[in-house]
Amino acid sequence: MTTTAGSTRMSADEPSRRLRAEIERLRDEATRQRELAQRRAEFWTKAHIALGFPGALLAAVSGAAGLATADARVPAALIALAAAGFAAGAGFLRSDARRIANKRARGAWADLEGRAGLKLAHEQLSPEDLRELLECRQAALAAYEGEAALPGRTAA
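Caption draft 1: Layout of the overall build of the protein chain. Along the protein chain, the regular secondary structure elements total 4 helices and 2 strands. Reading the protein chain from its N end, one meets helices and strands in the order β-β-α-α-α-α. Sorting the 156 residues of the protein chain into buried and exposed places 27% on the buried side. For the protein chain, the share of sequence-separated contacts (at least 6 apart) that also reach a separation of at least 24 residues comes to 74%.

Caption draft 2: Spatial organisation of the pattern of salt bridges. Enumeration over the complete set of coordinates arrives at 14 salt bridges. Between R17 and E14 there is a salt bridge, with its nearest N and O atoms 2.5 Å apart. With a gap of 3 residues between them, R17 and E14 both fall in helix 1 (residues 14-68), about one helical turn apart. Put simply, E29 and R137 hold a salt bridge, and the shortest N to O gap is 2.9 Å. Of this pair, E29 sits in helix 1 while R137 sits in helix 4 (residues 127-142), placing them 108 residues apart in sequence. Judged by relative accessible area, E29 falls into the buried class, the value being 9%. Of the residues examined, R137 reaches a relative accessible area of 23% and is grouped as partly exposed. Via salt bridges that share partners, D111, R115, K119, D129 and E132 belong to a single interconnected network.

Conventions and cut-offs
Residues numbered from 1 in each chain as written. Predicted model: local features only at pLDDT ≥ 70, side-chain atom pairs only at ≥ 80, totals over all residues. Heavy atoms only, no water. Helix = DSSP H or I, 4+ residues; strand = E, 2+ residues; numbered from the N terminus. Buried < 20%, exposed > 50% of the residue type's maximum accessible area, 1.4 Å probe, protein only. Contact = heavy atoms within 4.5 Å. Salt bridge = Lys/Arg side-chain N within 4 Å of Asp/Glu carboxyl O.

Pasting the structure below:
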């Protein structure tokens, strides 16, 4: 970009340079978001196991204790209460649904990252390239909410 007597004039390659810089920014964002979605999916997997397994185990133990003797009814009831607490926590946090949403988002961000990398390998970029990548970005953001199809793909 050059300036002469207060006016601003773009060089011939300035639009192409800006387009490339924006696509690089999208690729870098996609990389960061993909890694973040992966970490979140791992966290929610652990949370799902940490709440679900003890809840199931405590429910089984309370049932066995309650059937064992009449004296074990109070401890069995307390154990059943703890199991219900784990089950309620798992239901409230929806950890399995969050894990699935983050895995879906991770795939969408990886798709954007790959497409941006392919676009950057080309010598010439067009505004249509950026438009396509921005649509992919919207799909990646929507992937956290539901089962959105990726651009250019049909839902199975």
